[in-house]
Amino acid sequence: MTAQILDGKATAAAIKSELATRVQALKARGIAPGLGTVLVGDDVASHKYVAGKHRDCAEIGIASIQRELPATATQEQIEEVVRELNDDPDCTGYIVQLPLPKGIDENRILQLMDPAKDADGLHPANLGKLVLNEPAPLPCTPYGVIRLLRQYGVELNGAEVVVVGRGVTIGRSIPLLLTRRSENSTVTQCHTGTRDLSAHLRRADIIVAAAGVPHLIKPEDVKPGAAVLDVGVSRDEHGKIVGDVHPGVRDVAAWISPNPGGVGPMTRAMLVANVVDAAEAAAGVTR
Ligand SMILES: Nc1nc(=O)c2c([nH]1)NC[C@@H]1CN(c3ccc(C(=O)N[C@@H](CCC(=O)O)C(=O)O)cc3)C=[N+]21
């Protein structure tokens, strides 16, 4: 079997084209959504990701506000920029690109954000709402994974999903989405403390690999017919992306998300979706 590709690039393009129509409708009513980004330091990958987010904004017709600080920026300086964006009426949603340089208290920064402008869905109040089943902006990568699976008709209801990784942006938050009644999956969360990862992987209908360990998921650990989502981003010595999924998994799985071209573009599409959703909600648009 050769796996069908879960094409995140194409799916994201379709989502963005629908968002562009909704932005036109908002603009006709005098409402202009704007996405802010806060980027600290000179990490090459972070700069690339943020540039992609601004390209997406241009594509769907929303304004973008870029704030950059040097790697030497202090906690206070970053917090000042966050306060400015909270108060800026042109900025209807924003993100603070993670990770922040060593010594900066990320959680304190996230807590300072106006939760109504949290485009990443990572503010503690919004993560809390997710636990409480209240409407909230959804974390972009988990949301992107679910939209991608739905696009290709992968059954979530009753599925055995194994998530590998416990980072905040995906590992810890995706089980909250997958176990909602609307998804209704059964989730096992694995991490570096898991005793027998292979045993869990072999039972999975869906694997979400977000460990950041190159080629961690091997073909012999994948059940034939499973769906495998490659969320991990490592880089080889040439700076090329290496995912968490071994290329041989293509011969075993029924669906596989490429990396790049899979979950990355979906994450960005969900970010702009959160901004448009929030602008519509603020304007009282019902969908
Ligand atoms: N506050 C915050 N929010 C984030 O959403 C966030 C973050 N911090 N920190 C880092 C991670 C990583 N991330 C990616 C987004 C897009 C691609 C993406 O579009 N990748 C392209 C390839 C890009 C390339 O070639 O480097 C692809 O997969 O096709 C990748 C990774 C968002 N993150």
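Quantities reported herein were computed from a predicted structural model and do not represent experimental measurements. (Residues numbered from 1 in each chain as written. Predicted model: local features only at pLDDT ≥ 70, side-chain atom pairs only at ≥ 80, totals over all residues. Heavy atoms only, no water.)

**Some thoughts on helix α1 (residues 8-28)**
Owing to its 3.6 residues per turn, the α-helix aligns residues three or four sequence positions apart on the same side.
Right, so step 1: Relative to the 30 Å expected for 21 residues at 1.5 Å per residue, α1 spans 30 Å between its end C-alpha atoms, a close match to the ideal helical length.
Right, so step 2: Taken together, the buried positions of α1 are occupied by Gly-8, Thr-11, Ala-12, Ile-15, Lys-16, Leu-19, Arg-22, Val-23 and Leu-26. Around the axis of α1, the buried residues are gathered within 125° of arc, so they sit on the same side. The exposed residues of α1 that point more than 90 degrees off its buried face are Thr-21 and Ala-28.
Right, so step 3: Residues of α1 that are buried in the fold lie against α2 (44-60), α6 (140-151) and α9 (263-283).
Right, so step 4: Capping the start of α1, Asp-7 holds a side-chain oxygen 3.1 Å from the backbone nitrogen of Lys-9, two or three residues further along.
Right, so step 5: At the exit of α1 stands Gly-30, carrying a positive phi of roughly 85°. (Helix = DSSP H or I, 4+ residues; strand = E, 2+ residues; numbered from the N terminus. Expected span 1.5 Å × (residues − 1). Buried < 20%, exposed > 50% of the residue type's maximum accessible area, 1.4 Å probe, protein only. Arc of directions from axis to C-beta. Contact = heavy atoms within 4.5 Å. Polar contact = N/O pair within 3.5 Å; in protein donor to acceptor, adjacent residues only side chain to side chain.)

**Considering α2**
Right, so step 1: Taking 1.5 Å per residue as the helical rise, α2 with its 17 residues ought to reach 24 Å, and the 25 Å between its terminal C-alpha atoms agrees with that figure.
Right, so step 2: All of the buried residues in α2 are Ala-45, Ser-46, Val-50, Gly-52, Lys-53, His-54, Asp-56, Cys-57 and Ile-60.
Right, so step 3: Among the structural elements, α1, β2 (34-40), β3 (63-69), β4 (93-96), β9 (234-235) and α9 are those in contact with the buried residues of α2.
Right, so step 4: Immediately downstream of α2, the backbone of Gly-61 shows phi near 85°, a positive value.

**Describing the confidence of the model for the chain**
Right, so step 1: The predicted model of the chain averages 97 in pLDDT, with 100% of residues at 70 or higher.
Right, so step 2: The ipTM for the predicted assembly is 0.90, set against a pTM of 0.96. (pLDDT = per-residue confidence, 0-100.)

**A closer look at the sheet that holds β2**
Right, so step 1: Taken in spatial order, the three strands of this open sheet run β3-β2-β4, and their pairing is parallel. Looking at strand neighbours, the two that pair on one side only are β3 and β4, the edges of this open sheet. Averaged over all adjacent pairs, the angle separating strand axes in this sheet is 15°, with direction ignored.
Right, so step 2: Sheet topology places β2 next to β3; seven bridges connect them, and they run parallel. Residue Gly-34 lies in a different strand from β3, and its bridge partner there is Ala-63.
Right, so step 3: In the packing of α2 onto the sheet, the strands contacted are β2, β3 and β4, and the crossing angle to β2 comes to about 170°. (Pairing = 2+ DSSP bridges. Axes fitted to C-alpha atoms, helices over the stretch in contact; angles between N-to-C directions.)

**Let's talk about the site of the ligand**
Right, so step 1: The ligand sits among 15 residues. The nearest are Val-96, Gln-97, Leu-98, Asp-120 and Gly-261.
Right, so step 2: Note that a nitrogen atom of the ligand is positioned 3.1 Å from one of the side-chain N or O atoms of Gln-97.
Right, so step 3: The contact in question runs from a nitrogen atom of the ligand to an N or O atom on the side chain of Asp-120, over 2.6 Å.
Right, so step 4: Coverage of the ligand by the protein amounts to 81% of the 680 Å² it exposes when considered alone.
Right, so step 5: Those elements giving two or more residues to the shell around the ligand turn out to be α2 and α9.
Right, so step 6: The biggest single contributor to the shell around the ligand is α9, with four residues. (Near = heavy atom within 4 Å. Areas by Shrake-Rupley, 256 points an atom, 1.4 Å probe, with all protein chains shown as cover.)

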